[in-house]
Number of protein chains: 2
Amino acid sequence: MALNKQPYRGTRDFFPKDKRVRDYLFSIMTKTAESFGYESYDGPLLEEVELYKAKSGEELINEQIYSFTDRGERFVAIRPEMTPTLARMVAQVHRESSKPLRWFSIPNLMRYEKPQRGRVREHWQLNCDVFGAPGRMGEVEILQMAVELFQNYGANQSHFEILLNDRAIVDTVFITLMESTPEQSHRLYKIVDKAKKVNEEAIVKMVKEVGLNSKAEELFYSYLKLKTFDDVQSYLTKHNQLESASQFGLFVEQIQKLGLSDFITYDPTIVRGLDYYTGIVFEIFDKHPDNRRALCGGGAYANLLQIFNEDPLPGVGFGLGDVTLKDFLEVHKLLPNLDNPTNDIFITFQEDDGLDASMKLAHSLRKENLKVVTSLEAIKFKKVFPTADKKGVRFVTLMGSEELSKNQIQLKNLATKEQHTLDLNDLQTLIKIIKA
Amino acid sequence: MALNKQPYRGTRDFFPKDKRVRDYLFSIMTKTAESFGYESYDGPLLEEVELYKAKSGEELINEQIYSFTDRGERFVAIRPEMTPTLARMVAQVHRESSKPLRWFSIPNLMRYEKPQRGRVREHWQLNCDVFGAPGRMGEVEILQMAVELFQNYGANQSHFEILLNDRAIVDTVFITLMESTPEQSHRLYKIVDKAKKVNEEAIVKMVKEVGLNSKAEELFYSYLKLKTFDDVQSYLTKHNQLESASQFGLFVEQIQKLGLSDFITYDPTIVRGLDYYTGIVFEIFDKHPDNRRALCGGGAYANLLQIFNEDPLPGVGFGLGDVTLKDFLEVHKLLPNLDNPTNDIFITFQEDDGLDASMKLAHSLRKENLKVVTSLEAIKFKKVFPTADKKGVRFVTLMGSEELSKNQIQLKNLATKEQHTLDLNDLQTLIKIIKA
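All figures in this text were calculated on a predicted structure; none of them were measured in a lab.

**Some points on the sheet that holds strand β13 (residues 343-347) of chain B**
Hydrogen bonding along the main chain pairs the strands of a sheet, whether they run parallel or antiparallel.
Residues and elements named next belong to chain B.
Part 1 of the reasoning: Reading across from one edge, β14-β13-β15-β16-β17 is the order of the five strands in this open sheet, with mixed pairing throughout. A strand with exactly one partner marks an edge of an open sheet, and here the two such strands are β14 (372-374) and β17 (419-423). Going across the sheet, the axis of each strand differs from the next one's by a mean of 25°, ignoring polarity.
Part 2 of the reasoning: The strands touched by helix α12 (residues 355-366) within the sheet are β13 and β14, with β14 carrying the most contacts at an inclination of about 165°.

Listed below in structure tokens is the structure:
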């Protein structure tokens, strides 16, 4: 029986055309991260499952993880996310490193998901993180970088928006103002996380079950109505949380000065689950009606190194997956046409005897850092140009019997249709024309 | 108990410094492959184990493979090599693709190895393959690319050599001349593969066990003595294998014309195991006495698509791993110094009030495609330059109280020590100096 030619469920074959799209996505990620002085890192494909348990808890890691026991009885997993690896690596070096530490990576990750639109089993994810930045500047920088990243893909305010909250504020409201127990607070987080997906009635029912007093309930519902940074400031001030208000004010002032507030809206329902965040949390949403969903999320965390018994080191980061990003760029028609590769020149010959001269020419042009496609056998004139188009070349050389006898070639510029008859001993003229 | 900070056995953490080395290795691979018009592809991290069994047989895949059963009862493996994935992908598209098909990839692969020098469990491997090239031109092109790849790292004939054989010749000798049975031929392949690792006595003993007649034994021992392309031609001619001699002659003529024979030596012991090769087989060896081993191997194969019930399509390819390559470049001192990143400018301020102007300046310079490192808080003058060195910047800006009051900065070129006092409203002058 013949083998299946399709890739494993939920994974993708990247044929050259698909790979060019991925390379384009990654090149803008890399360019943006490096424009902020972030340095690229990478970690292993496998980590011990203990690491993921320590970060996310037993419950979260079991369902979606690709885990197995190796031949040395180690229980390992294919990385489902990069943050635990990042934490492990930062824990090794943070004491000797000058701060802030600015790192980025674009690893492949695997999750055992039911494949559907925007969800696959193997995907790539840009991870940008800054550690040890002063005050709230790490949060500001990460937001600035996220905005510039989308701008570098050609996107603007009409295409995306950032919905943002601050976990410190949520804790102030739930714990200080509402005086919730840790158990109640935990349940409130879950309600907030679901708030946009269910109707008001369902929320009321869930809140009832938490068993808050009426004053706490009122505080909770008015919290859920906050819509702007000013709303938040007024709410905190009204309830005498001046320190919290002033802290958040400093952050808002910075993002306003940098013009980021045009992209960012306060949203009390953004909490990013029960995750390890302690400061701002945010999600970037596609504004297109056909693709209305989160593209990217991130936030600030203080205690990531705790699992290694290391002192707290404040960090801020975000992650952006390749699948949702590609859908976003496609729905907004922001993806360049990458159907064909780009090459400099296609070297052809029309008589068998042209092989040696053509191979020699190709070799010389490669030394000039040109991308050279060769025909390895004589090809007919009329077949040259369709192939040249598919290979995305700018120039073509031809060598028929006349050129061969004179040690010449015809050089044709495909854009301008200009054609030159050139001597093969005069490489300099050829190179000059191609590099012009 | 605190978690272990070390990576999983046999895998590596790529801190920024290590990642820069890897990026450098990959950039030369990509540049070389693209200079030959090869297009980048990638496949899934996991494949069904059936695929590896079909290509390599039960025996080879069991010991070294990371395999497990997924939740949907599929028996899958982390890819230990790229060729089966490549074959699967080519089988999908080869009928509609114009030939030759030239593809390359740099995947991460995992093998369950005992970690030692040059051997790790997770490594990256350049794979270059050409399908459907006419005559022997695919073999010639792959060898040419392998040589240029090493040259692009700065290596030359004193650093590496290519040892080459042709499986068609081996088969001619074993089957046509020696009249071995398939079983005997199989055993002879294994002996040849070991020939360099054992002494003559051991070879004689192994050959005895194959049970050849004395004429066949003599043919075998004289085969093992072949040292040059001329030797091979004489041997084949002497034994009336004229077609085989002429076929190989065409190939040798081409590599001589391209100057490749300076790098390539015939070696009868290179057969690349029992693998799927049908034409040339080669290995690239490090010539350094401290690192005398194969860096890279490849060859030509005709029947890779058979497992998918597809018509034969001749292919030639080679693979080069990152670990052995890095050892090679290190032992020959060919690796550039990548201790520090490269950035364009470090923007600093010496008074707290300088933050806003500095952030604004950084933002403007990023729009000019510059790599900008910012200090997110006021830093002392004497701390600026050590940090600038570590960040590999070419320029530094300073803003003390005097500059702040005049809306100016000091711009310092770290190489020339030139310093300019510039107005922050005059960005054009600043950009001109940095881009000069």
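**Some words on the interface of chain B and chain A**
Part 1 of the reasoning: Opposite the 70 residues of chain B that make contact, chain A presents 70 residues.
Part 2 of the reasoning: Of the residues contributing to the side of chain B that touches chain A, the split by class is 35 nonpolar, twelve polar and 23 charged.

**Digging into the packing of helix α5 (residues 167-177) of chain B against helix α10 (residues 242-257) of chain B**
Residue and element names in this part refer to chain B.
Part 1 of the reasoning: Contact pair α5 / α10: the axes reach a minimum separation of 10 Å and the direction vectors enclose 165°. Put simply, α5 runs roughly antiparallel to α10. The two elements α5 and α10 meet at a crossing, and its hand is left-handed. On α10, the residues that touch Ala168, Ile169 and Thr172 of α5 are Ser244, Gln247 and Phe248.
Part 2 of the reasoning: Within the contact of α5 with α10, the residues separate by chemical class into three nonpolar, three polar and no charged.

**Some remarks on the sheet that holds strand β17 (residues 419-423) of chain A**
Residue and element names in this part refer to chain A.
Part 1 of the reasoning: The strand order β14-β13-β15-β16-β17 describes an open sheet built from five strands, whose pairing is mixed. With one partner strand each, in any of the chains shown, β14 (372-374) and β17 form the two edges of the open sheet. Taken over all neighbouring pairs, the strand axes of this sheet differ in orientation by 25° on average, direction set aside.
Part 2 of the reasoning: Against the sheet, helix α12 (residues 355-366) engages β13 (343-347) and β14, with an angle of about 165° to β14.
Part 3 of the reasoning: The sheet contacts of helix α15 (residues 427-435) involve β13, β15 (393-398), β16 (408-413) and β17, and relative to β17 the element is tilted by about 150°.

**Comments concerning the pairing of strand β12 (residues 315-321) of chain B**
For a regular strand, the rule is simple: side chains alternate between the two faces of the sheet.
Residues and elements named next belong to chain B.
Part 1 of the reasoning: Buried residues dominate β12, accounting for five of its seven residues.
Part 2 of the reasoning: Summarising the sheet, strand β7 (residues 122-131) and β12 pair through seven bridges and their orientation is antiparallel. Looking across to β12, one finds that Leu126 is bridged to Leu320.

**What about the domain arrangement of chain A?**
Part 1 of the reasoning: Assigned domains of chain A: these are domain 1 (16-331) and domain 2 (343-435).
Part 2 of the reasoning: Using C-alpha coordinates to define each centre, domain 1 of chain A is positioned 53 Å away from domain 2 of chain A.

**Thoughts on the nonpolar core**
Part 1 of the reasoning: Counting 235 residues, the largest nonpolar core has A:Leu143, A:Ala146, B:Leu143 and B:Ala146 as its most contacted members.
Part 2 of the reasoning: Beyond its immediate stretch of four places on either side in the chain, A:Leu143 contacts A:Ile162, A:Ile255, A:Leu260, A:Ile264 and A:Phe282.

**Quick word on the confidence of the model for chain A**
Detail in the predicted coordinates should be disregarded across regions flagged by low pLDDT.
Part 1 of the reasoning: Chain-level pLDDT for chain A is 94 on average; 98% of the residues reach the 70-or-more range.
Part 2 of the reasoning: Reported confidences for the modelled complex are a pTM of 0.96 and an ipTM of 0.96.

**Focus: the relation of the copies chain B and chain A**
Put simply, the two copies of the chain differ by a rotation about an axis and a shift along that axis.
Part 1 of the reasoning: Superposing chain B onto chain A requires a rotation of 180° together with a translation of 0.0 Å along the rotation axis, leaving an RMSD of 0.1 Å. Read as a symmetry element, the transformation amounts to a two-fold axis. Of the C-alpha atoms belonging to chain B, the one lying closest to the rotation axis is found on B:Phe68, 3.3 Å away.
Part 2 of the reasoning: In this assembly the copies share their binding face: 100% of the residues contributing to the interface of chain B also contribute to that of chain A.

**Thoughts on the packing of helix α4 (residues 137-152) of chain B against α10(B)**
Residues and elements named next belong to chain B.
Part 1 of the reasoning: As a packed pair, α4 and α10 sit with axes 10 Å apart at the nearest point and diverge in direction by 35°. Two packed elements cross with a definite hand, and for α4 against α10 that hand is right-handed. Contacts between α4 and α10 involve Glu139, Val140 and Leu143 from the former and Phe251, Gln254 and Ile255 from the latter.
Part 2 of the reasoning: For the contact of α4 with α10, a count of residues per class yields four nonpolar, one polar and one charged.

The rules behind each value
All residue numbers refer to position in the chain's written sequence, counted from 1. All chains are assigned letters beginning at A, and all ligands numbers beginning at 1, according to the order in which they are written. Whole-chain, interface and lining totals are the exception, using all residues; otherwise, since this is a predicted model, local features are given only for residues with pLDDT of at least 70 and side-chain atom pairs are given and counted only at 80 or more. Paired strands, as defined in this entry, are two strands with at least two bridges between them according to DSSP. Numbering of helices and strands starts at the N terminus; helices are DSSP runs of H or I of at least 4 residues and strands are runs of E of at least 2. As a rule, the C-alpha atoms of each element are fitted with a line to give its axis, helices using only the stretch in contact, and angles between N-to-C directions run from 0 to 180 degrees. Note on contacts: each residue gets a C-beta atom placed from the backbone, and two residues are in contact if those atoms are within 7 Å. Each residue is assigned to one of three groups, with Ala, Val, Leu, Ile, Met, Phe, Trp, Tyr, Cys and Pro labelled nonpolar, Asp, Glu, Lys and Arg labelled charged, and all others, Gly among them, labelled polar. Comment on the angle field: the value is read as roughly parallel under 35 degrees, roughly antiparallel over 145, roughly perpendicular from 65 to 115, and oblique elsewhere. Put simply, a crossing is left-handed when the front helix is turned counterclockwise from the back one by less than a right angle, and right-handed when it is turned clockwise. For the exposure call, what matters is how many other C-beta atoms sit within 10 Å of a residue's own: 20 or more marks it buried, 12 or fewer exposed, and in between partly exposed, using C-beta atoms placed from the backbone. The split of the chain into domains comes from an automatic or database domain assignment. Note on terminology: a nonpolar core is any set of buried Ala, Val, Leu, Ile, Met, Phe, Trp, Tyr and Cys residues joined through C-beta atoms within 7 Å. One confidence number per residue, pLDDT, is output by the predictor and ranges from 0 to 100. Least squares is the method used to superpose the copies, on C-alpha atoms of residues holding a pLDDT of at least 70 in both.

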